[in-house]
Amino acid sequence: MPIDTVERFLNALSPAHREKVQELPPARQQELADAWERELERDHDLDTLSELSPAAAEAEAAKRVIESADGG
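This structure is a prediction, so every number in the text was calculated from the model and none was measured.

**Quick word on the packing of helix H1 (residues 5-12) against helix H2 (residues 15-22)**
Orientation of H1 relative to H2, taken along the N-to-C sense of each, is 145°, at an axis distance of 8 Å. The segment H1 lies against H2, with Phe-9, Leu-10 and Asn-11 engaging Arg-18, Val-21 and Gln-22. Classifying every residue of the contact of H1 with H2 gives three nonpolar, two polar and one charged.

**Here we look at the packing of helix H3 (residues 26-42) against helix H5 (residues 54-69)**
Closest axis-to-axis distance for the H3/H5 pair is 9 Å, and the angle between their directions is 125°. With respect to their mutual orientation, H3 and H5 come out oblique. As H3 packs across H5, the resulting crossing turns out to be right-handed. Between H3, through Arg-28, Leu-32, Ala-35, Trp-36, Glu-39 and Leu-40, and H5, the contact on the second element is made entirely by Ala-57, Glu-58, Ala-61, Ala-62, Arg-64, Val-65, Ile-66 and Ala-69.

**Concerning the environment of Gln-29**
Inspection of the secondary structure puts Gln-29 in helix H3. Sequence separation of Gln-29 and Leu-52 is 23 residues, and the distance between their C-alpha atoms is 28 Å.

**Considering the packing of aromatic side chains**
Taken as a whole, this structure holds one aromatic pair when the rule is applied. Between the aromatic rings of Phe-9 and Trp-36, the centroid separation amounts to 5.8 Å while the plane-to-plane angle is 50°, which identifies the pairing as tilted. Of the two residues, Phe-9 is situated in helix H1 and Trp-36 in helix H3; the sequence distance between them amounts to 27 residues.

**Notes on H1**
Taken as a whole, H1 has its buried residues at Val-6, Phe-9, Leu-10 and Ala-12. Taken around the axis of H1, the buried residues stretch over an arc of 160°, which confines them to a single face.

**Side note on the pattern of salt bridges**
In the structure shown here, the tally under the stated rule is eight salt bridges. Put simply, Glu-37 and Arg-8 hold a salt bridge, and the shortest N to O gap is 2.7 Å. With Glu-37 in helix H3 and Arg-8 in helix H1, the pair connects residues that are 29 residues apart, well separated along the chain. For Glu-31, the salt bridge identified is with Arg-28, shortest N-O distance 3.0 Å. Remark: Arg-28 and Glu-31 occur in helix H3; sequence separation between them is three residues, near one turn of the helix. With a relative accessible area of 45%, Glu-31 lands in the partly exposed category. Shared partners join several salt bridges into a network, and the residues in it are Glu-39, Arg-42, Asp-43, Glu-60 and Arg-64.

Rules of the game
- Residues numbered from 1 in each chain as written.
- Predicted model: local features only at pLDDT ≥ 70, side-chain atom pairs only at ≥ 80, totals over all residues.
- Heavy atoms only, no water.
- Axes fitted to C-alpha atoms, helices over the stretch in contact; angles between N-to-C directions.
- Helix = DSSP H or I, 4+ residues; strand = E, 2+ residues; numbered from the N terminus.
- Contact = heavy atoms within 4.5 Å.
- Nonpolar A, V, L, I, M, F, W, Y, C, P; charged D, E, K, R; others polar.
- Parallel < 35°, antiparallel > 145°, perpendicular 65-115°, else oblique.
- Left-handed = near helix turned anticlockwise from the far one by under 90°.
- Phe/Tyr/Trp six-rings, centres within 6.5 Å; stacked < 30°, edge-to-face > 60°.
- Buried < 20%, exposed > 50% of the residue type's maximum accessible area, 1.4 Å probe, protein only.
- Arc of directions from axis to C-beta.
- Salt bridge = Lys/Arg side-chain N within 4 Å of Asp/Glu carboxyl O.

Function-wise, these values are silent; they only describe arrangement.
This is the structure:
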């Protein structure tokens, strides 16, 4: 069974951010996960990093989404 987008997004987050996102309503978690997917798809630097380390690219995209959501 494939892992859903929210679960993949949560796995890419740091432990502190993961806990914070898990406290959000499911709809908001999905919004953030969707933003994370878009970040991975559109950023060419992440695409290059993904070839070297997919986990690092996913973590960087997750960090960007959380920082953007926090207004920073």
